[in-house]
Amino acid sequence: MAKMWAGRTAGATDKLADDFNSSISFDSRMYRQDITGSMAHAAMLGAKGIITSDEADALIAGLEELLNDIESGKVIIDLECEDIHMFVEQLLTERIGEVGKKLHTARSRNDQVALDLRMYLREETETVVSLIKAVVNALLKTAKENKDAIMPGYTHLQRAQPITFAHHLFAYCMMLLRDIDRFCDMSKRMNISPIGSCALAGTTYDTDRYFEAEKLGFDGVCMNSIDGVSDRDFCVEFVNCCAITMMHLSRLSEEIILWTSWEFKFVELSDAFTTGSSIMPQKKNSDMAELIRGKTGRVYGDLMGILTVLKGLPLAYNKDMQEDKEGVFDAVDTIKMCLSVMAPMIETMSVNKENMLRAAQEGFINATDLADYLVKKGMPFRTAYKISGTLVSECIKRRIVLEEVTLDEYKTYSELFDSDVYEEISLQTCVAKRISLGGTSQASADAQIEFIEKELNK
Ligand code: ARG
């Protein structure tokens, strides 16, 4: 069949070139945005008298029917078409006749595709944000149940200071709340309408770009037609937001993988979110967490892909820009899948408080508190630090812990030691006394819960 753009050329391209050029296999997922956008365009053309209102009505009715038919499965998208925009216009014209040919007045596929993609991504952004919220809720719920679970906090993956498991999970809540904020912020810049920019220079018709923008729920219009068709910052920003969220999910996944290992045994995943081995009967693997960690690489790749496609592109539209979609769609699909798995995986995992506490009891993670004990009795911190370190070294040699050093022995290091030292270096005290803002104390836990809940309900 001759191309819709046949004229300048006969429109008969090589089959290989057709396949190479075609984007319908992936841009067909924007059919709804494409048709809705076209309905608004037809309405604007009618309202401005560029076509008659009868013509506008015919276009809108035809488009509506087409949308219903695609949605109900009555119409199957023809993958032989070049792209979704061509498919819709072609089928519409087949169905409603000559008037269908008026739809593309005062627009171009260049502004049309930019419009569709913005509309598609703003919807997906909402979905992603609600999925992130579900993960935050799962973390929050688990944290609330583990406000008293003491575990070692780590630096350099070495046991460092006692914290509660809740405090550790709140840290992930904070990251994910920032992600939500980032998506919402990006979405403000995305929700600006490019339609009416036409091919690149605007149009000679007396159009009303605000009419269309408003009808489609945009907050404004792109003020430069060249920018309107060339800008894909919203894609970069969207995938960037995805990449950062995936990085957070990946860090959490890594910890889940560690925590479920025999070396830690801090948590156990429910059977529903683990797999076995085909050969080793004892295995219970954290494949879901590993996949989330692995898929983070894909999304980073998507980000590099879109940045690289845009780098060096002269204004305005270039066909290179068709390459924006697959990476962006891949990022959408990947992040949605990962978030959807993460939430129930966390909700259904069981926490082994005893093992966490046991790990906290080894590793001298109260050594800072021992030093602080002396500081509070008047010793300079660096001197106290030295004494605490020497005591730790002595304990390691004798295979005992700080709690087992007798008061007499303590006194040989400093006269400031007294019987209250034991209370002071108990793990419970270490946690309870971290009362500084944002610390691991109970009061701080309550404040964090309040903060997170407020942010979620914003
Ligand atoms: N399929 C194209 C894309 O995804 C639509 C825009 C085509 N515009 C053009 N001038 N060839 O970018």
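None of the values given here were measured: they were computed from a predicted structure.

Quick notes on the rules
- Residues numbered from 1 in each chain as written.
- Predicted model: local features only at pLDDT ≥ 70, side-chain atom pairs only at ≥ 80, totals over all residues.
- Heavy atoms only, no water.
- Helix = DSSP H or I, 4+ residues; strand = E, 2+ residues; numbered from the N terminus.
- Rg over C-alpha atoms; globule rule 2.2 N^0.38 Å.
- Buried < 20%, exposed > 50% of the residue type's maximum accessible area, 1.4 Å probe, protein only.
- Contact = heavy atoms within 4.5 Å.
- Areas by Shrake-Rupley, 256 points an atom, 1.4 Å probe, with all protein chains shown as cover.
- Lys, Arg positive; Asp, Glu negative; His and termini not counted.
- Charge placed at Lys NZ, Arg CZ, Asp CG, Glu CD.
- Axes fitted to C-alpha atoms, helices over the stretch in contact; angles between N-to-C directions.
- Parallel < 35°, antiparallel > 145°, perpendicular 65-115°, else oblique.
- Nonpolar A, V, L, I, M, F, W, Y, C, P; charged D, E, K, R; others polar.
- Near = heavy atom within 4 Å.
- Polar contact = N/O pair within 3.5 Å; in protein donor to acceptor, adjacent residues only side chain to side chain.
- Pairing = 2+ DSSP bridges.
- Phe/Tyr/Trp six-rings, centres within 6.5 Å; stacked < 30°, edge-to-face > 60°.
- Core = buried A, V, L, I, M, F, W, Y, C linked by side-chain atoms within 4.5 Å.

Enquirer: What is the right way to read the overall build of the chain from this model?
Expert: Summing up its helical and strand segments, the chain has 19 helices and six strands in all. Here the C-alpha radius of gyration of the chain, 30 Å, is well above what a compact globule of 458 residues would show, namely 23 Å. Across the 458 residues in the chain, those meeting the buried criterion constitute 50%. If you take every contact in the chain between residues at least 6 apart in sequence, the share linking residues at least 24 apart comes to 77%. Of the roughly 22,100 Å² that the chain leaves accessible, carbon and sulfur atoms contribute 54%. Charge-centre separation for the chain: the mean point of 51 positive side chains lies 4 Å from the mean point of 71 negative side chains.

Enquirer: What should I look at first to understand the packing of helix α7 (residues 165-190) against helix α10 (residues 233-259) in this one?
Expert: Helix packing for two helices is described by the angle between their axes and how far apart those axes are. Put simply, α7 and α10 touch, their axes get as near as 9 Å, and they point 170° apart. Our classification of the angle between α7 and α10 gives roughly antiparallel. Considered class by class, the residues forming the contact of α7 with α10 number 16 nonpolar, three polar and six charged.

Enquirer: Sorry if this is basic, but what is going on with the site of the ligand here?
Expert: Neighbouring the ligand are the residues S23, D27, D83, H85, R109, N110, V113, Y317, Q322 and K325. A distance of 3.0 Å separates a nitrogen atom of the ligand from a polar atom in the side chain of D83. N110 places a polar side-chain atom, nitrogen or oxygen, 2.9 Å from a nitrogen atom of the ligand. Burial of the ligand by the protein chains amounts to 86% of its free accessible area of 340 Å². Tallying contributions element by element places helix α6 (residues 109-145) first for the shell around the ligand, with three residues. In terms of residue class, the shell around the ligand is built from two nonpolar, four polar and four charged.

Enquirer: How do you make sense of the pairing of strand β2 (residues 158-164) when you look at a structure like this?
Expert: On a regular strand, each side chain points to the face opposite its neighbour's, so the side chains alternate between the two faces of the sheet. Direction of pairing for strand β1 (residues 150-155) relative to β2: antiparallel, over a ladder of six bridges. Among the inter-strand pairings, I150 is bridged to a residue of β2, identified as T164. Between β1 and β2, which pair antiparallel and follow one another directly, the connecting turn spans two residues, one of which, H156, has a positive phi of 55°.

Enquirer: Would you mind going over the packing of aromatic side chains with me for this structure?
Expert: When we look at a pair of aromatic rings, we describe it by the centre distance and by the angle of the planes. Going through the model one piece at a time under the given rule, you end up with nine aromatic pairs. Both rings, one in Y154 and one in F264, keep their centres 6.0 Å apart while their planes meet at 50°; by these two values the pair is tilted. Of this pair, Y154 sits in strand β1 while F264 sits in the loop between α10 and β5 (267-268), and the two are 110 residues apart along the sequence. By relative accessible area, Y154 is classed as partly exposed at 23%. Taking the centre distance of 6.1 Å and the plane angle of 50° together, the rings of F381 and Y385 count as tilted. With F381 and Y385 both in helix α15 (residues 381-398) and four residues apart, this pair spans about one turn of that helix. Judged by its relative accessible area of 49%, Y385 falls in the partly exposed class. Cluster of aromatic residues (ring-pair linked, three or more members): Y373, Y410, F417 and Y422.

Enquirer: I would appreciate a short explanation of the nonpolar core in the present structure.
Expert: One broad trend across soluble globular proteins is that nonpolar side chains are buried collectively. Formed by 73 residues in total, the largest nonpolar core has its most connected members in L121 and F183. Contributing elements (two or more residues each) for this core: α6, α7, α10, α11 (287-310), α12 (324-347), α13 (353-361) and α19 (442-456). With 14 residues, α10 is the single largest residue contributor to this core. In this structure, L121 is in contact with M190, F234, C235, F238, V328 and V332, ignoring residues within four places of it in sequence.

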